[in-house]
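Structure at a glance
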Amino acid sequence: MGKLFDRLNSDVRFVEGINGCINCGTCTAICPAAEVYDYEPRTIANLVQMRDDNVIEELLKSDTIWYCGECMSCKTRCPRNNAPGLLIQALRGLSIETGLFVESEKGRQQLSLKRMLGNSILETGYCVHFDHAELSMFPELGPVWQWVRDNREKVLAKVGANYNGSGPGAMRKISKENLDELEKIFEVTGGLDWFDKIEDVSAQKAKELGMEKGDATDKKSAYFTHVYRYNNAEKHRRK
Ligand code: SF4
Ligand code: SF4
């Protein structure tokens, strides 16, 4: 696995994210995630400064590093110009690369994000495509939205969308050339490697739990449904 701190320290987001924390708590005071989750950016800044591989490994296996919304409010107020949000990004990346993300509930949800958003970006050019969003997975959208979806050809034309059309406009079809370019960006930046890692390590975890993982696009398998739906709210809630 290599020395975890060294790997973290080779990430520019980590290097730029911490100049030395005075533990003042300003970042926690402004952090929106700290209002709802059992989470403090101050603690993250404190812990990574210990340069201790055991501490870093615990973070990589924890739910804690997945609570942040990456809004970067912490960066705007820190008197030492630290950015706990950037530290979190570096920790998340390392958690995926080491496969330790499957050791936490929120980490395991990376599989849902990869299949629902990641795959969709590569396939359609959109994070969430209208055609992919099913009411069973987004019940908060409600029956009116479902009616719009069922009647999309007619309704979307009336509101001026260019649904699956060529040229500009909302919900237009993204050209093959642009999709190929997107895939190339994912390839050279390591995004595709992350996708493979998420699928491979999730397969091992699913096996360990005796659940069917399904192929890399499956959104109905037992393991996918489990990671998508399970939420131990009591554990995550701010006490
Ligand atoms: S980036 Fe993360 S840690 Fe920083 S304020 Fe936003 S939610 Fe909190
Ligand atoms: S605001 Fe900056 S210095 Fe203060 S606790 Fe947060 S990271 Fe540390």
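Nothing here was measured: the structure is a model prediction, and the numbers come from that model.

Side note on the site of ligand 2
Taken together, 13 residues lie around ligand 2, and C21, C24, G25, C27 and C78 are the ones closest in. Looking at the shell around ligand 2, the elements with two or more residues in it are α3 (26-30) and α5 (41-48). Of the residues in the shell around ligand 2, the class split is 8 nonpolar, 4 polar and 1 charged.

Here's the deal with the site of ligand 1
Looking at ligand 1, there are 13 residues lining it, with C31, C68, C71, M72 and C74 nearest. If you list the elements that add at least two residues to the shell around ligand 1, you get α4 (32-36) and α7 (73-77). A class-by-class count of the residues in the shell around ligand 1 yields 9 nonpolar, 3 polar and 1 charged.

Observations regarding the environment of L59
Counting through the fold element by element, L59 comes out in helix α6 (residues 53-60). Spatially, the C-alpha atom of L59 lies 7.7 Å from that of L91, the residues being 32 residues apart in sequence. Sequence-distant contacts of L59, defined by excluding residues within four places in its chain, comprise I44, L47, V48, I65 and L91.

Concerning unusual backbone geometry
In this model, R51 sits at a positive phi of 55 degrees, which is unusual for a non-glycine residue. Exposure remark for R51: the relative accessible area of 53% places this residue in the exposed category. Of note in this structure, N164 is not a glycine but carries a positive phi near 60 degrees. Tracing the chain through its elements places N164 in the loop between α12 (152-158) and α13 (176-188).

Focus on the packing of helix α8 (residues 84-98) against helix α14 (residues 191-208)
Contact pair α8 / α14: the axes reach a minimum separation of 8 Å and the direction vectors enclose 55 degrees. Comparing their axes, α14 and α8 come out oblique. Across the interface between the two elements, G93, I96 and E97 of α8 pack against W194, K197 and I198 of α14. Classifying every residue of the contact of α8 with α14 by side-chain character gives 3 nonpolar, 1 polar and 2 charged.

A few points about α6
Turning to α6, its buried residues number three or more, namely V55, I56, L59 and L60. All buried residues of α6 lie within an arc of 140 degrees about the axis, which places them on one face of the element. Buried residues along α6 sit in contact with α1 (4-9), α5 and α8. One side-chain oxygen of the residue at the start of α6 lies 2.7 Å from the amide nitrogen of N54, identifying that residue as D52.

What about the environment of K213?
Its place among the elements puts K213 in the loop between α14 and α15 (222-229). Its relative accessible area of 14% is what places K213 among the buried residues. C-alpha of K213 to C-alpha of A133: the two residues are 80 residues apart in sequence and 20 Å apart in space. What K213 contacts, discounting residues up to four positions off in sequence, is R115, E199, S202, A203, A206, D218, S221 and Y223. A polar side-chain atom of K213 sits 2.5 Å from a polar atom in the side chain of E199.

Calculation criteria
Residues numbered from 1 in each chain as written. Chains lettered and ligands numbered in written order. Predicted model: local features only at pLDDT ≥ 70, side-chain atom pairs only at ≥ 80, totals over all residues. Heavy atoms only, no water. Near = heavy atom within 4 Å. Helix = DSSP H or I, 4+ residues; strand = E, 2+ residues; numbered from the N terminus. Nonpolar A, V, L, I, M, F, W, Y, C, P; charged D, E, K, R; others polar. Contact = heavy atoms within 4.5 Å. Buried < 20%, exposed > 50% of the residue type's maximum accessible area, 1.4 Å probe, protein only. Axes fitted to C-alpha atoms, helices over the stretch in contact; angles between N-to-C directions. Parallel < 35°, antiparallel > 145°, perpendicular 65-115°, else oblique. Arc of directions from axis to C-beta. Polar contact = N/O pair within 3.5 Å; in protein donor to acceptor, adjacent residues only side chain to side chain.

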